[in-house]
Amino acid sequence: MVKNYEPKPEHKFTFGLWTVGNTGSDPFGTDVRERKSPQDLVYLLADVGAYGVNFHDNDLIPIDATSSEAKKIKADFKKALADTGLVAPMATTNLFYDPIFKDGAYTSNSAKVRNYAIQKTMKAIDLGVEMGAEIFVFWGGREGTETDAAKDPVTSIRRTREAMNFLCEYVLDQGYDLKFALEAKPNEPRGDMYNATTGHMLAFIETLDHPEMVGVNPEVAHEHMAGLNFSHGVAQAIDVGKLFHIDLNDQAFGRYDQDFRFGAVNLKRAFFLVKLLEDYEYQGSKHFDAHAYRTEDYEGVKDFARGCMRTYLILKEKATQFNTDMEIQALLKEINRDDKAMGDVSGKYTPEKMKSLKDFSFDRKAISAKGLKYEKLDQLTNEILLGVR
Ligand code: GCO
Ligand code: MN
Ligand code: MN
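The sections below set out a description of the structure shown in this document. What you see is a predicted model, and the numbers here were worked out from it, not measured in a lab. (Residues numbered from 1 in each chain as written. Chains lettered and ligands numbered in written order. Predicted model: local features only at pLDDT ≥ 70, side-chain atom pairs only at ≥ 80, totals over all residues. Heavy atoms only, no water.)

### Describing the overall build of the chain
Part 1 of the argument: Scanning the chain for helices and strands turns up 15 helices and 10 strands.
Part 2 of the argument: In terms of C-alpha radius of gyration, the chain reaches 23 Å, essentially the compact-globule figure of 21 Å for 389 residues.
Part 3 of the argument: Referenced to the eigenvectors of the C-alpha coordinate spread, the extents of the chain come out at roughly 75 × 55 × 40 Å.
Part 4 of the argument: For the chain, buried positions account for 46% of its 389 residues.
Part 5 of the argument: In the chain, the proportion of contacts linking residues at least 24 apart, taken out of those at least 6 apart, comes to 77%.
Part 6 of the argument: In the structure as shown, the chain presents an accessible area of about 20,200 Å², 53% of it carried by carbon and sulfur atoms. (Helix = DSSP H or I, 4+ residues; strand = E, 2+ residues; numbered from the N terminus. Rg over C-alpha atoms; globule rule 2.2 N^0.38 Å. Buried < 20%, exposed > 50% of the residue type's maximum accessible area, 1.4 Å probe, protein only. Contact = heavy atoms within 4.5 Å. Areas by Shrake-Rupley, 256 points an atom, 1.4 Å probe, with all protein chains shown as cover.)

Okay, structure coming up:
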């Protein structure tokens, strides 16, 4: 049987202009691929079967473009979307590239820089909405420090809150149907960045004036850079209904920001992530925020993009296999078996339950003597992934 892992619109696979448009430069070397226009990147994405394309304001319109240049670029981009049927579900602001943001945007010590950043974001929101975006991502690439002598961290958090509150009101005032998704990263390019993980972001969101408008955009590489289990952060976001968007890629722990193809480094972690997203029927875009190796030409960029989507779909199939494997399911059932004796003592607090729990006699030794069969469960998982089951 020839398996079909063709990406389809319902999978909602998206790429940023900056991902397939990455020219392979790094701090040690210049471009290895020629720069392509936004519309050419849309055609490339259509060619590999993607559903949508995301962009920073300046991926589409250079920061110094005149209004007539901007008009032409927008028309060309819209034509490419119409020609290909691709959508542009997410947009964002570049608040890190231009030297004005060398010490941050919303957290800069300069009131002019902070307000320029808010102005730039409002314009980026207008542009995103014009192209059809429903999600607006905030990644504060320069919001942090190299030395904490420079900024008071509490003030920085308060400044970020002030900016987010202002921008939420802006969206409401314009009557836009747009939600915000905050993306955490622990470091790079700054020495340390504020709200460093998805967990920090989730806590911060609850302090905003309109928390209902704001969720998270967790990224695999960013939590791996922090040495964390990505699926656990995503689970926390799912649990509180805040997984508005996701950045899929891969990254070895303890390395620089690698932005590898999804599943390129740690297939098992990728598997548990896909399984989590599928088990909980995540409905948002699956955005691949990654780029091809520097060794590649544009054929290699297409291999990279196809590989991201194909790996996701293969792992999705493996998740179904895991969920229907009789031996695995029997083990899981046994592990999670209801314990009738606990019915009267657990659940929501009542004085009666509390009393029965306090009086209950637990056979500690018998409970701990039982093996849990996780070795077997994990080996069966590996065998599914290795394709021998
Ligand atoms: C990074 C980030 C960015 C953001 C992008 C959208 O590590 O550079 O992941 O790629 O996702 O700026 O906000
Ligand atoms: Mn990243
Ligand atoms: Mn990202």
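Having seen the model, we can carry on.
### Overview of the environment of Asn 187
Part 1 of the argument: One can find Asn 187 in the loop between strand E6 (179-183) and strand E7 (192-193).
Part 2 of the argument: On the basis of relative accessible area, Asn 187 is assigned to the partly exposed category, the value being 24%.
Part 3 of the argument: Separated by 141 residues in sequence, Asn 187 and Ala 46 place their C-alpha atoms 33 Å apart.
Part 4 of the argument: With residues near it in sequence (within four places) discarded, Asn 187 still touches Met 193 and Met 225.

### Structural notes on the packing of aromatic side chains
Part 1 of the argument: All chains considered together, the criterion is met by 18 aromatic pairs.
Part 2 of the argument: Taking the centre distance of 5.5 Å and the plane angle of 70° together, the rings of Phe 13 and Tyr 312 count as edge-to-face. Of this pair, Phe 13 sits in strand E1 (residues 13-16) while Tyr 312 sits in helix H11 (residues 298-324), and the two are 299 residues apart along the sequence. For the pair Phe 13 and Tyr 312, a shared accessibility class is recorded, and that class is buried.
Part 3 of the argument: Site record: aromatic cluster; members linked through ring pairs are Phe 13, Phe 15, Phe 262, Phe 288, Phe 304 and Tyr 312.
Part 4 of the argument: Cation over ring: Lys 36 sits above Tyr 298, and NZ or CZ is 4.4 Å from the ring centre. (Phe/Tyr/Trp six-rings, centres within 6.5 Å; stacked < 30°, edge-to-face > 60°. Lys NZ or Arg CZ within 6 Å of the ring centre and 35° of its normal.)

### Regarding the site of ligand 1
Part 1 of the argument: The local shell around ligand 1 holds 13 residues, among which His 56, Glu 183, Lys 185, Glu 219 and Asp 289 are the closest.
Part 2 of the argument: Asp 257 has a polar side-chain atom sitting 3.5 Å from an oxygen atom of ligand 1.
Part 3 of the argument: Here ligand 1 loses 92% of its free accessible area of 330 Å² to cover by the protein chains. (Near = heavy atom within 4 Å. Polar contact = N/O pair within 3.5 Å; in protein donor to acceptor, adjacent residues only side chain to side chain.)

### Side note on the sheet that holds strand E4 (residues 135-139)
Across a sheet, paired strands are connected by hydrogen bonds in the backbone, their directions being either parallel or antiparallel.
Part 1 of the argument: Taking strand neighbours across the sheet as the criterion, the 8 strands line up as E8-E6-E4-E3-E2-E1-E10-E9 in an open arrangement whose pairing is parallel. Bordering the open sheet on either side are strand E8 (214-216) and strand E9 (246-248), each of which pairs with just one other strand. Across the sheet, the axes of successive neighbouring strands diverge by a mean angle of 30°, strand direction being ignored.
Part 2 of the argument: When E4 meets E6, the two strands line up parallel, connected through 5 bridges. Across the sheet, Phe 136 pairs through a bridge with Phe 180, a residue of E6.
Part 3 of the argument: The sheet strands contacting helix H5 (residues 111-131) are strand E2 (52-56), strand E3 (90-92), E4 and E6, and the helix crosses E4 at an angle near 145°. (Pairing = 2+ DSSP bridges. Axes fitted to C-alpha atoms, helices over the stretch in contact; angles between N-to-C directions.)

### So, the coordination of the manganese ion (ligand 2)
Part 1 of the argument: Coordination sphere of the manganese ion (ligand 2), protein contribution only: Glu 219 (OE) and His 222 (NE2), at 2.1 to 2.2 Å.
Part 2 of the argument: A separation of 3.7 Å is found between the manganese ion (ligand 2) and the manganese ion (ligand 3), which share Glu 219 as a coordinating residue.
Part 3 of the argument: Residue class for Glu 219 comes out buried when judged on its relative accessible area of 1%. (Donors = N, O, S within 2.8 Å, 3.2 Å for Na, K, Ca; no water.)

### Topic: the packing of helix H10 (residues 267-279) against helix H15 (residues 374-385)
Part 1 of the argument: Running from N to C, H10 and H15 cross one another at 95°; their axes reach a closest spacing of 11 Å. Taken together, the axes of H10 and H15 lie roughly perpendicular to each other. Together, Lys 268, Phe 271 and Phe 272 of H10 and Asp 378, Thr 381, Asn 382 and Leu 385 of H15 make up the contact between the two elements.
Part 2 of the argument: Of the residues contributing to the contact of H10 with H15, the split by class is 3 nonpolar, 2 polar and 2 charged. (Parallel < 35°, antiparallel > 145°, perpendicular 65-115°, else oblique. Nonpolar A, V, L, I, M, F, W, Y, C, P; charged D, E, K, R; others polar.)

### Let's talk about the pairing of E2
Part 1 of the argument: Counting buried positions along E2 yields 5 of 5 residues, so the element is predominantly enclosed.
Part 2 of the argument: Note: E1 against E2, 3 bridges, orientation parallel. Bridge assignment links Gly 16 to a residue of E2, and that residue is Asn 54.
Part 3 of the argument: Pairing of E2 with E3, which is carried by 2 bridges, proceeds in the parallel orientation. Bridge pairing in E3 links Phe 55 to Ala 91.

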